[in-house]
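# Coordinate analysis (summary)
Each chain, written out:
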Amino acid sequence: MALIRLHLTKKMKIGLINPNRNSKDAAIHLGLGYLASYARQNHFDLEFNLLDTKIAKTKDFEAFFSQSYKLFAFTANSQCFEEAVEMAEKLKHSYPESLLCISGSYASSVKEKCLSNHPFDFAIYGEEEETFSELIDYVKGEKILESIKGLIYRDESGLIHINLPRPLITKIDQIPFPAYDLFQMKRYSRYDLLSNRGCPENYLYCSSSLVWTKRMRMRSIENILAEIKFLIKHYGKRNIYFDDECFNTNFKRVIEFCRLLVDKKLGIKWSCAIDIDSISSEIADLMKQAGCQNIRLAIESANDEVLKKLDKNTSIEKIQKGIKIFRKAGITVMGQFMIGNPGDTLESVKETIYFAKNSDLSQVEFYVPIPYRETELWEYIEENGKFLTKTEPYTFYNISPLIIFETPEFSYKEQLEAIELAAKNGFYHALTQDERNFTITKIAAPTLQKLMKNKSGNKLYLGLKKVYKKMK
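These lines cover the structure that appears in this document, whether it is placed above or below. (Residues numbered from 1 in each chain as written. Predicted model: local features only at pLDDT ≥ 70, side-chain atom pairs only at ≥ 80, totals over all residues. Heavy atoms only, no water.)

### Quick look at the packing of aromatic side chains
In this structure the tally under the stated criterion is 24 aromatic pairs. Consider the rings of Phe 81 and Phe 120, whose centres lie 6.1 Å apart with planes at 40 degrees: the pair is tilted. You can see Phe 81 sitting in helix 4 (residues 81–94) and its partner Phe 120 sitting in the loop between helix 5 (105–110) and strand 5 (122–124), a full 39 residues away along the chain. Overall, Phe 81 belongs to the buried group, its relative accessible area being 1%. Summarising the aromatic geometry, the rings of Phe 337 and Phe 355 are spaced 6.3 Å apart at their centres and angled 75 degrees between planes, so their arrangement reads as edge-to-face. Taken together, the residues Phe 337 in strand 14 (residues 332–338) and Phe 355 in helix 13 (residues 346–358) connect sequence positions 18 residues apart. Of the two residues examined, Phe 337 and Phe 355, each falls in the buried class. Through pairs of rings, three or more aromatic residues link up here, namely Phe 64, Phe 65, Tyr 69, Phe 72 and Tyr 95. Seen from the ring of Tyr 241, Arg 190 lies directly overhead, with NZ or CZ sitting 3.9 Å from the centre. (Phe/Tyr/Trp six-rings, centres within 6.5 Å; stacked < 30°, edge-to-face > 60°. Helix = DSSP H or I, 4+ residues; strand = E, 2+ residues; numbered from the N terminus. Buried < 20%, exposed > 50% of the residue type's maximum accessible area, 1.4 Å probe, protein only. Lys NZ or Arg CZ within 6 Å of the ring centre and 35° of its normal.)

Given below as structure tokens:
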């Protein structure tokens, strides 16, 4: 009887991994935090350990991998998927009995491709918490895989199955706060926080709907304030970064939130992404009074025709007016732009660079658009443009600058010229000769392996792989 009791109280160990060593900034991964907190709510026999490769030191890696786990759960976007695969391959070798699961935005985009030729046993697409909790039920022998909505799995014969999609959680206030106790909180300069899920906008390039759909679900102001108070009480005051797609979809809610922050004198500093249309001086002043320090604007282009192509219901005149309102209120404004979207040309990018230099923006960043499967941008390129590569994730090539497609109006050569012009103005990371060599070598390796037969192709592939790993 004593032996049975001991068996029942033994905890299942789950390793959570955030592979993001090349990320620009260290940030708490809310997705993993929510996976753990929701699973704890439904299972009382779990022990979680979390590894964030961005902030982990040698001793953290050693401590994490010194234990055995029943299940490893990775999260990854397209930029981090290569690192996730590399780690998963090592884990399959070192922990052959452990199960490996991958979730995150990339899994929701490519679905079964996460498992094809990769070591993961499962992938989760869409909203993740309930699916992950039910996957734990399966690992315990309490559920069959076929019944778990939102799950992708490989059966014993190697065939990959995609289960039905999972309905969204309707009452998101009932989801417990992320499991902050799993993170080394002192190593993060800010607290990330979600005040809503989803985005009602329909931008051509947007991929958030692959996870959240276009349905907007908002947490109550009381619930958000409770989480802020929890963070302050347990971890002290830090800047708070609202990681929502858009913080001010509902202006009444923003006003209520800001007034309560002022009334309760929480004294926090925070930043968020804003839709600048119909912003007013009164709202900007209230946001500043409530502690808002910085806003992020996804402007994308200073050309109105390009904005229309992107389904952005705004104009550069409205954007400039909004920037001035926030700057007058004492809030810094970061403008984010893209090079290469449908409608873009070399001339429209020159317009955008001129705007970026001469506007009241406090900070400017330029990117290239990333086409994800099932987005309107992907469909547009299929019908009107030309993919330069369809091999995902594109970061497997480590191309810098990363130009993935051409449009009839904007060739690869012109996009490269536009990027170099942005770099010359300090808005884009310039391409070094080493990076060019790295890109050529990495692209050449798998291509030549396919062209050459049998062992000779494999031998050349492995040789080139050694070369680009040394460059890395």
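### Remarks on the nonpolar core
Counting residues in hydrophobic clusters, the biggest one holds 110 residues, and the most contacted among them are Phe 132, Phe 257, Trp 270 and Met 287. Once you skip the residues sitting within four places of it in the chain, Phe 257 turns out to touch Ile 221, Ile 224, Leu 225, Ile 228, Phe 242, Phe 247 and Trp 270. Of all hydrophobic cores here, the second largest spans 27 residues; its members include Tyr 69, Ala 84, Val 110 and Phe 120. (Core = buried A, V, L, I, M, F, W, Y, C linked by side-chain atoms within 4.5 Å. Contact = heavy atoms within 4.5 Å.)

### Section: unusual backbone geometry
One non-glycine residue, Lys 265, adopts positive backbone phi at about 50 degrees. Position of Lys 265 relative to the elements: it lies in the loop between helix 9 (251–264) and strand 12 (270–273). Judged by its relative accessible area of 73%, Lys 265 is exposed. In the Ramachandran plot, Glu 300 falls in the positive-phi region, its phi being about 75 degrees despite a non-glycine side chain. Mapped onto the secondary structure, Glu 300 falls in strand 13 (residues 292–300).

### Observations regarding helix 12 (residues 316–328)
Between the first and last C-alpha of helix 12 there are 18 Å, a value that for 13 residues agrees with the 18 Å anticipated at 1.5 Å per step. Every buried residue belonging to helix 12 is among Ile 316, Ile 319, Gln 320, Gly 322, Ile 323, Ile 325 and Phe 326, and all of these are buried. Buried residues belonging to helix 12 abut helix 10 (281–289), strand 13, helix 11 (304–309), strand 14 and helix 13. Positive backbone phi, at 90 degrees, marks Gly 330, one or two positions downstream of helix 12. (Expected span 1.5 Å × (residues − 1).)

### Some points on the sheet that holds strand 13
Across the sheet, which stays open at both edges, the six strands sit in the order 8-11-12-13-14-15 with parallel pairing between neighbours. Here the strands that pair on one side only, and so sit at the sheet edges, are strand 8 (190–193) and strand 15 (363–367). Strand-to-strand twist in this sheet, taken as the mean axis angle between neighbours without regard to direction, amounts to 20 degrees. Alignment of strand 13 against strand 14, held across six bridges, turns out to be parallel. Each bridged residue has a counterpart across the sheet, and for Asn 294 the counterpart in strand 14 is Thr 332. The sheet strands contacting helix 10 are strand 12 and strand 13, and the helix crosses strand 13 at an angle near 135 degrees. In the packing of helix 12 onto the sheet, contacts are made with strand 13 and strand 14, and the angle to strand 13 comes to roughly 170 degrees. (Pairing = 2+ DSSP bridges. Axes fitted to C-alpha atoms, helices over the stretch in contact; angles between N-to-C directions.)

### Considering the side chain of Glu 227
Tracing the backbone shows Glu 227 in helix 8 (residues 221–235). On the accessibility criterion, Glu 227 (0% relative accessible area) is buried. Leaving out residues up to four positions away in the same chain, Glu 227 has contacts with Tyr 34, Phe 177, Pro 178, Tyr 180, Leu 193 and Arg 219.

### Digging into the side chain of Asp 121
Within the element layout of this structure, Asp 121 appears in the loop between helix 5 and strand 5. With relative accessibility at 17%, the residue Asp 121 sits in the buried group. A distance of 3.0 Å separates polar atoms of two side chains, one belonging to Asp 121 and the other to Lys 92. A distance of 2.8 Å separates a polar side-chain atom of Asp 121 from the backbone nitrogen of Leu 100. Apart from the residues lying within four places of it in its own chain, the contact partners of Asp 121 are Lys 92, Ser 98, Leu 99, Leu 100, Leu 115, Ile 152, Tyr 153 and Arg 154. (Polar contact = N/O pair within 3.5 Å; in protein donor to acceptor, adjacent residues only side chain to side chain.)

### Some thoughts on the packing of helix 2 (residues 30–42) against helix 6 (residues 129–139)
Viewed as axis vectors pointing N to C, helix 2 and helix 6 meet at an angle of 55 degrees, and their least axial separation amounts to 9 Å. By the angle between their axes, helix 2 is oblique relative to helix 6. Considering the relative orientation of helix 2 and helix 6, their crossing is right-handed. On helix 6, the residues touching Tyr 34, Leu 35, Tyr 38, Ala 39 and Asn 42 of helix 2 are Glu 129, Glu 130, Phe 132, Ser 133 and Ile 136. When its residues are assigned to classes, the contact of helix 2 with helix 6 shows six nonpolar, two polar and two charged. (Parallel < 35°, antiparallel > 145°, perpendicular 65-115°, else oblique. Left-handed = near helix turned anticlockwise from the far one by under 90°. Nonpolar A, V, L, I, M, F, W, Y, C, P; charged D, E, K, R; others polar.)

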